[in-house]
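# Analysis of the macromolecular model
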Amino acid sequence: MLTAGVVLLHDNACPHTTCRKAAVLTEFGWVLFDRPPYSPDLAPSDFHVFLHLKLLLSSGEHMGNDEELKMSVTQWFHSQVAEFYDRGIQKLIPRYDKCLNSGGGYVEK
């Protein structure tokens, strides 16, 4: 069973914004946050996870093929502790607030 009280922030892709989907999520008691279109600055994967992942990939370590790259990235994801992902989610709160206060404008670091 899905838990009530969840706050869901997703992109504005058509499958995510249908009336039926919104109605179902509302039935679960979830709060849906709108977000401006084309705002990667509000996706924790973009402003938090990928920022750190780029550091790994720019470290100069040579990957011989796609499988080695895939294994290295997968190991990196698995090596991150829960607090790493939690920090990214917590950073979202002030970023979202800043975005709303600027009328949906881009949010920098």
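Notes on the structure follow.

Rules used throughout
- Residues numbered from 1 in each chain as written.
- Predicted model: local features only at pLDDT ≥ 70, side-chain atom pairs only at ≥ 80, totals over all residues.
- Heavy atoms only, no water.
- Helix = DSSP H or I, 4+ residues; strand = E, 2+ residues; numbered from the N terminus.
- Buried < 20%, exposed > 50% of the residue type's maximum accessible area, 1.4 Å probe, protein only.
- Contact = heavy atoms within 4.5 Å.
- Patch = residues over 30% accessible without salt bridge, like charges linked within 9 Å, V, L, I, M, F, W, Y side chains within 5 Å.
- Areas by Shrake-Rupley, 256 points an atom, 1.4 Å probe, with all protein chains shown as cover.
- Salt bridge = Lys/Arg side-chain N within 4 Å of Asp/Glu carboxyl O.
- Core = buried A, V, L, I, M, F, W, Y, C linked by side-chain atoms within 4.5 Å.

## A few points about the overall build of the protein chain
- Scanning the protein chain from N- to C-terminus turns up 4 helices and 2 strands.
- Along the protein chain, helices (α) and strands (β) appear in the sequence β-α-β-α-α-α when read from the amino end.
- For the protein chain, buried positions account for 24% of its 109 residues.
- At a minimum sequence separation of 6, the contacts of the protein chain that also span at least 24 residues come to 60%.

## Some points on a nonpolar patch on the surface
- Taken together, the side chains of Phe 50, Phe 77 and Tyr 85 define a hydrophobic patch exposed on the protein surface, amounting to about 250 Å² of accessible area.
- Relative to the elements of secondary structure, Phe 50 occurs in helix 2 (residues 44–57).

## Focus on the nonpolar core
- Val 49, Leu 53, Leu 56, Val 73, Trp 76 and Phe 84 form the largest nonpolar core, which has 6 residues in total.
- Listed by contribution, the elements that provide at least two residues to this core are helix 2 and helix 3 (66–79).
- For this core, the element with the most residues is helix 2, which contributes 3 residues.
- Leaving out residues up to four positions away in the same chain, Phe 84 has contacts with His 48, Val 49, His 52 and Trp 76.

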